[in-house]
Amino acid sequence: MMTLINFIVFQLLSQPAILLGIVALIGLLLQKRPINQIIMGTLKTIIGVLIIGGGAGIVGNSLAPLGDILNAGLGIKGIIPTNEAVLPFAIAHFGSMGALIMVGGFITNIILAKITKFKFIYLTGHIMLYVSLFVTAIYMSLAHLTGIPLFIAGSITMGIYFTFMPALLNPYTQKITGGEDFTIGHTGDVGYWFSAWLGKYIGNPEHSAEKFKLPKSLGFFRDSTASMAVTMVIIFLAAVLITGPQYVQEHISKDSNPFIFAFMQGLTFAGGVTIVLAGVRMMLSEIIPAFSGISDKFIPGAIPAIDCPAVFPYAPTALIFGFVAMFIGMIIGMFIQFGTGAAYIILPGIVPAFFAGGTAGIFGNSTGGWKGAIVGPFIIGVILAIGTGLLIPSTGALADTGSTFGDPFYATVGLIFAKIVALFS
């Protein structure tokens, strides 16, 4: 039985492409579409998600050297909050029960969507796995739960999370997308909500980051690919200058000239984002109509909660604003940790800054224009660094691995959850 559960979780549900492909297949079958449309819709959904994953991989690989360059330039060593880095350790220590809790949480999510007014089905498979492992680690390490009590507590916790966090974001997602039938399911959720909520008080959505007036000579910035390329090339070149070209060539760029290396990494980043956007468009064009088949048959009005890149095409300039703002916020948070003698120093994480910070910029922009795209992600960046450091001691066996979970949820709601569980231990 456990082997089957592990297969379902680690080989099927944790693979976004397969999970969404299954959803598309079921939806199209329920709509009794012709076989050619079923095959085409299922394949294009899977391929669209694979394109997103491929683009995200290119983005992550292009950003990795930037973190190394900046950390060397700042002369610091610490822990970079990255979900992918902590995943192998989490699976080794909590994998079997985490898998069961993920399945139990998903079933609870479906039941809650059926019987309540919150009709949201969480479909971001890898995020479902990360949070399930996190919750398992907290319950086992702090409350010392095992067996059936752990499964029940974890399943209920995850079912509530899968149902209500997308509900929190849905009004703002609808505003961003103009009423598309999806919302966001991602552990940057607290940052997205906060940025959108704060944006209402500090800015004006009419002053959108996407409406910046530029002279004709800078008109290329209106193109998302060109603007991202120029912005990231400048950031990479600045990082090389701060750290020192000689160090970069000796330790990072190796045989490549450090400035040529910086130039190419910036362009590679833009290429990766462009691939992500192409995948998003393909995936959404198939999954949304297909999902309506499931919603009409089983849970009328159900709305899928999917990964954060789904909103990237709607405000690419705000994406960059949020990314840079959160990264700067994380640097400030790191120095606050230094100044207060924190036990764990959290380094600025480029990948969470881009995906969580950039998406927070889009949400902040929807309510507060360019100011919302900057201020909310910056504050969340500070909180992410400090809160993640405070969370580490609560993660049991993961505390000594040199890695930790790396999105705003863990540093905010996750930290509060850990403290509450500790009270009952």
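Anyway, here's the lowdown on the structure attached to this text. These numbers come from a predicted model, not from an experiment. (Residues numbered from 1 in each chain as written. Predicted model: local features only at pLDDT ≥ 70, side-chain atom pairs only at ≥ 80, totals over all residues. Heavy atoms only, no water.)

1. Looking at the overall build of the protein
Next up, step 1: A count of helices and strands for the protein gives 13 helices and three strands.
Next up, step 2: Relative to the compact-globule value of 22 Å for 425 residues, the protein shows a C-alpha radius of gyration of 21 Å, a close match.
Next up, step 3: In terms of overall dimensions, the protein has C-alpha extents of about 60 × 50 × 45 Å along its principal axes.
Next up, step 4: If you take every contact in the protein between residues at least 6 apart in sequence, the share linking residues at least 24 apart comes to 82%.
Next up, step 5: With an accessible surface of roughly 17,300 Å², the protein has 69% of that area assigned to carbon and sulfur atoms.
Next up, step 6: Treating the 18 positive side-chain charges of the protein as one cloud and the 15 negative ones as another, the clouds have centres 11 Å apart. (Helix = DSSP H or I, 4+ residues; strand = E, 2+ residues; numbered from the N terminus. Rg over C-alpha atoms; globule rule 2.2 N^0.38 Å. Contact = heavy atoms within 4.5 Å. Areas by Shrake-Rupley, 256 points an atom, 1.4 Å probe, with all protein chains shown as cover. Lys, Arg positive; Asp, Glu negative; His and termini not counted. Charge placed at Lys NZ, Arg CZ, Asp CG, Glu CD.)

2. Quick notes on the side chain of T367
Next up, step 1: If you trace the backbone, T367 turns up in helix 12 (residues 350-391).
Next up, step 2: Residue T367 is classed as buried on the basis of its relative accessible area, which comes to 7%.
Next up, step 3: Reaching out from T367, the side chain makes a polar contact with the backbone oxygen of A196 at a distance of 2.6 Å.
Next up, step 4: Among all residues touching T367, those that are not within four sequence positions of it are Y172, K175, S195, A196, G199, K200, G203, N204 and P205. (Buried < 20%, exposed > 50% of the residue type's maximum accessible area, 1.4 Å probe, protein only. Polar contact = N/O pair within 3.5 Å; in protein donor to acceptor, adjacent residues only side chain to side chain.)

3. Description of the packing of aromatic side chains
Next up, step 1: Scanning the model with the defined rule gives 22 aromatic pairs in all.
Next up, step 2: For the pair Y122 and Y161, a centre-to-centre distance of 5.8 Å together with 40° between the ring planes defines the contact as tilted. One end of the pair, Y122, is in strand 1 (residues 120-122); the other, Y161, is in helix 6 (residues 147-177), and 39 residues separate them in sequence. Each member of the pair Y122 and Y161 is classed as buried.
Next up, step 3: For the ring pair F134 and F405, a centre distance of 5.6 Å and an interplane angle of 80° mean the geometry is edge-to-face. A residue pair is termed long-range when its members are at least 10 positions apart, and F134 in helix 5 (residues 125-143) and F405 in the loop between helix 12 and helix 13 (408-423) qualify at 271 residues. F405 carries the same exposure label as F134, and that label is buried.
Next up, step 4: Each member of the aromatic cluster is reached from another via a ring pair, and the members are Y122, F134, Y161, F162, F405, F409 and Y410. (Phe/Tyr/Trp six-rings, centres within 6.5 Å; stacked < 30°, edge-to-face > 60°.)

4. Details of a nonpolar patch on the surface
Next up, step 1: A surface patch of nonpolar side chains, amounting to about 530 Å² of accessible area, comprises I148, F151, I152, I156, I160 and F164.
Next up, step 2: Relative to the helices and strands, F151 is located in helix 6. (Patch = residues over 30% accessible without salt bridge, like charges linked within 9 Å, V, L, I, M, F, W, Y side chains within 5 Å. Salt bridge = Lys/Arg side-chain N within 4 Å of Asp/Glu carboxyl O.)

5. Re the nonpolar core
Next up, step 1: The biggest cluster of nonpolar side chains holds 113 residues, and the ones touching the most others in it are L63, F134, I184, F269, L284, F312 and F354.
Next up, step 2: Sorting elements by how many residues they give to this core places helix 10 (residues 258-297) first, with 15 residues.
Next up, step 3: Residues contacting F312, with those up to four places away along its chain left out, are V276, L277, L319, F354, F355, T359 and I362.
Next up, step 4: One finds I79, I346, I392 and A399 within the second-largest nonpolar core, a separate group that totals five residues. (Core = buried A, V, L, I, M, F, W, Y, C linked by side-chain atoms within 4.5 Å.)

6. A few points about the sheet that holds strand 1
Next up, step 1: Here three strands make up an open sheet; going across it, the order is 1-3-2 and the pairing parallel. Here the strands that pair on one side only, and so sit at the sheet edges, are strand 1 and strand 2 (183-184).
Next up, step 2: Strand direction decides the pairing type here: strand 1 and strand 3 (residues 303-306), joined by three bridges, are parallel. Each bridged residue has a counterpart across the sheet, and for F120 the counterpart in strand 3 is I303. (Pairing = 2+ DSSP bridges.)

7. Looking at helix 7 (residues 189-202)
Next up, step 1: Between its first and last C-alpha atoms helix 7 spans 20 Å; for 14 residues at 1.5 Å apiece the expected length is 20 Å, and the two agree.
Next up, step 2: Of the residues making up helix 7, those classed as buried are D189, V190, G191, Y192, F194, S195, A196, L198 and G199.
Next up, step 3: Buried residues along helix 7 sit in contact with helix 6, strand 2, helix 12 and helix 13. (Expected span 1.5 Å × (residues − 1).)

8. Topic: the packing of helix 6 against helix 12
Next up, step 1: Running from N to C, helix 6 and helix 12 cross one another at 75°; their axes reach a closest spacing of 10 Å. Relative to helix 12, helix 6 is oriented roughly perpendicular. Between helix 6, through L169, Y172, T173, K175 and I176, and helix 12, the contact on the second element is made entirely by I362, F363, S366 and T367.
Next up, step 2: Grouping the amino acids of the contact of helix 6 with helix 12 by side-chain chemistry returns five nonpolar, three polar and one charged. (Axes fitted to C-alpha atoms, helices over the stretch in contact; angles between N-to-C directions. Parallel < 35°, antiparallel > 145°, perpendicular 65-115°, else oblique. Nonpolar A, V, L, I, M, F, W, Y, C, P; charged D, E, K, R; others polar.)

9. Some points on the packing of helix 12 against helix 13
Next up, step 1: As a packed pair, helix 12 and helix 13 sit with axes 6 Å apart at the nearest point and diverge in direction by 50°. On the basis of the axis angle, helix 12 is oblique to helix 13. Crossing geometry of helix 12 relative to helix 13 is assigned as left-handed. Residue-level inspection shows A356, I380, I383, L384, G387, T388, L390 and L391 of helix 12 in contact with helix 13, the latter providing P408, Y410, A411, T412, G414, L415, A418 and K419.
Next up, step 2: Broken down by class, the residue content of the contact of helix 12 with helix 13 amounts to 11 nonpolar, four polar and one charged. (Left-handed = near helix turned anticlockwise from the far one by under 90°.)

10. Points about the environment of A397
Next up, step 1: Within the secondary structure, A397 is located in the loop between helix 12 and helix 13.
Next up, step 2: Of the residues examined, A397 reaches a relative accessible area of 33% and is grouped as partly exposed.
Next up, step 3: As for A397 and H93, which are separated by 304 residues in sequence, their C-alpha atoms are 7.2 Å apart.

11. Things to note about the pairing of strand 3
Next up, step 1: Residues I303 and A305 point to one face of strand 3 and P304 and I306 to the other, with burial holding for every one of them.
Next up, step 2: Where strand 2 and strand 3 come together, two bridges link them in parallel fashion. Bridge pairing in strand 3 places T183 opposite A305.

12. Some points on the side chain of T183
Next up, step 1: Note on placement: T183 falls in strand 2.
Next up, step 2: Among the residues examined, T183 registers a relative accessible area of 0% and is labelled buried.
Next up, step 3: Side chain to side chain, T183 and T173 meet in a polar contact 3.3 Å long.
Next up, step 4: The contacts of T183, once residues within four sequence positions are left out, are F120, P166, L169, N170, T173, I303, P304, A305 and I306.

Geometric values such as these leave the question of function open.
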